[in-house]
Amino acid sequence: MKLADRIATLSPSATIEVKAVADRLKAKGVDVIDFGPGEPDFDTPENIKAAAHRAIDENLSHYLPTLGLPKLRRALAASYRARYGTDYSVDEIIVGCGGKGVLYAAAMALFSAGDEVIVPAPYWVSYPEQVRIAGARPVILNTSDEDGFVPRASHAAALVTDRTRAIILCSPSNPTGGVIPQEEIDRFVALALRADLYIIFDECYEKFIYDGRRHATPLLSDGRVRDRLILVSAVSKTYAMTGWRVGYAVGPKPVVEAMGTLQSHDATHTSAVSQAAAAEAIEGPQESVAAMLREYTSRRAAMVEGLGSIRGFACKPPAGAFYAFPRVTGLYGRLGVSGSAAVAKHLLEEARVATVPGEAFGAPGYVRFSYALALERIREGLERIRRAVG
Ligand SMILES: Cc1ncc(COP(=O)(O)O)c(C=O)c1O
């Protein structure tokens, strides 16, 4: 069957095999402990759900402006102003279908055939694919485990050519949990200014940072970055709202306008009710976020300690997000396998534990464990792994 050429450029997800096996096992009634999903296991907080009910009762059921519900964009502008002293107007903010939707719109608005976009690895799966869909070429910037997987601007500078259009940064990172320190972000900003590049900065996990560290962001860097910065976030992770599909970006007006034009021919906008709920998430009480961070903090300790005590896993504490990303090359010899996809398969078949192999993120040799599941399940999963590989 003839499909569009662009489909041939997309990689099938390396996560599919393990997920398919996990789903088959679950369907058969097998109790699989699932460290796979990149989403909070918490329910959306009550005040946010109540705002959605109100929106339905008040008949918020018509089309909205393409850029999004004005009340939500005003709430976002106020939130950025309060936190960082910025002066973004509602015309410089676009709401879309999740962080993924706005990242896609940004890629389509900014990249053309022949362009190059620097993407640090390990990367979130959709960055290289979105770049390719836009016709451009992802150029991988390697990072190292020893350096906390922090992308370095000096290494990025060596990859810049006259075709480079942008750098996509993610902090805290999915999949590594790595956080880019403010000084390094400042260096990336200096590089963007020098080499005339955009920075797409994905801070979807901005509220989940451990050990009392402050979130580092280009909004705290040289203010001249404003013309080159597309900052992306979402309510998905922060407020346990993955299914509501609300993400947003702030950026220069012409870029936001272009993203809006694209969206006007695509989704039009994300659900009005979801946007009303997201406005409450941004403006309303924030205790639920603090409670989730406390819970993730305990789970992170259990995860890192547990994996660290099993021979073959080398696991450093993630600085943010809710993923542990241990090196598993130490297991290859013992299990008689090679590649982290084979390790993930072994863990699934022998320990009934689902994970995501690093190949999915451009990082063979590693396995991602999401710890967005209850502490007892984490402990049980670790015990099963210990028995299966011990
Ligand atoms: C780094 C990163 N960015 C963006 C997203 C997209 O989130 P959503 O589209 O659900 O808001 C995710 C989701 O897993 C993510 O991990």
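The structure contained in this document is the topic of the report that follows. All values derive from a computational prediction rather than experimental measurement. (Residues numbered from 1 in each chain as written. Predicted model: local features only at pLDDT ≥ 70, side-chain atom pairs only at ≥ 80, totals over all residues. Heavy atoms only, no water.)

Next up on the list: helix α6 (residues 126–133). For α6, the buried fraction is high: six of the eight residues fall into the buried class. Among the residues of α6, Ser126, Tyr127, Pro128, Glu129, Gln130 and Val131 are the ones counted as buried. Buried residues in α6 make contact with α5 (98–110), β3 (116–121), β4 (137–142), β5 (164–170) and β6 (198–202). Backbone geometry just downstream of α6 places Gly135 in the positive-phi region, at approximately 95°. (Buried < 20%, exposed > 50% of the residue type's maximum accessible area, 1.4 Å probe, protein only. Helix = DSSP H or I, 4+ residues; strand = E, 2+ residues; numbered from the N terminus. Contact = heavy atoms within 4.5 Å.)

Going through the model one piece at a time under the given rule, you end up with zero disulfides. This cysteine, Cys315, is not joined by any disulfide, and Cys170 carries the nearest cysteine sulfur, 18 Å off. (Disulfide = S-S within 2.5 Å.)

The next thing to look at is the pairing of strand β12 (residues 367–370). Side chains of β12 alternate between two faces, with Val367 and Phe369 and Arg368 and Ser370 buried alike. Bridge count for strand β9 (residues 323–324) against β12 is two bridges, and the pairing is antiparallel. Within β12, the residue paired with Ala324 across the bridge is Phe369. Across two bridges, the pairing between strand β11 (residues 356–357) and β12 is antiparallel. Counted as the bridge partner of Pro357 is Val367 from β12. (Pairing = 2+ DSSP bridges.)

The subject of this paragraph is the packing of aromatic side chains. A complete count under the given rule lists 14 aromatic pairs for this structure. Between the aromatic rings of Tyr205 and Phe322, the centroid separation amounts to 5.4 Å while the plane-to-plane angle is 75°, which identifies the pairing as edge-to-face. Within this pair, whereas Tyr205 is found in the loop between β6 and β7 (229–234), its partner Phe322 is found in the loop between α12 (287–308) and β9, the two being separated by 117 residues in sequence. Judged by its relative accessible area of 4%, Tyr205 is buried. (Phe/Tyr/Trp six-rings, centres within 6.5 Å; stacked < 30°, edge-to-face > 60°.)

To continue, consider the site of the ligand. Close to the ligand lie 14 residues, the nearest being Gly99, Asp202, Tyr205, Ser236 and Lys237. Contact between the ligand and Lys100: an oxygen atom at 2.9 Å from a main-chain N or O atom of the residue. For the shell around the ligand, the secondary-structure elements that each account for two or more residues are α5 and α9 (235–238). Of the residues forming the shell around the ligand, the biggest block, three residues, is contributed by α5. Split into classes, the residues belonging to the shell around the ligand amount to six nonpolar, four polar and four charged. (Near = heavy atom within 4 Å. Polar contact = N/O pair within 3.5 Å; in protein donor to acceptor, adjacent residues only side chain to side chain. Nonpolar A, V, L, I, M, F, W, Y, C, P; charged D, E, K, R; others polar.)

Any functional reading would require information that these geometric values do not contain.
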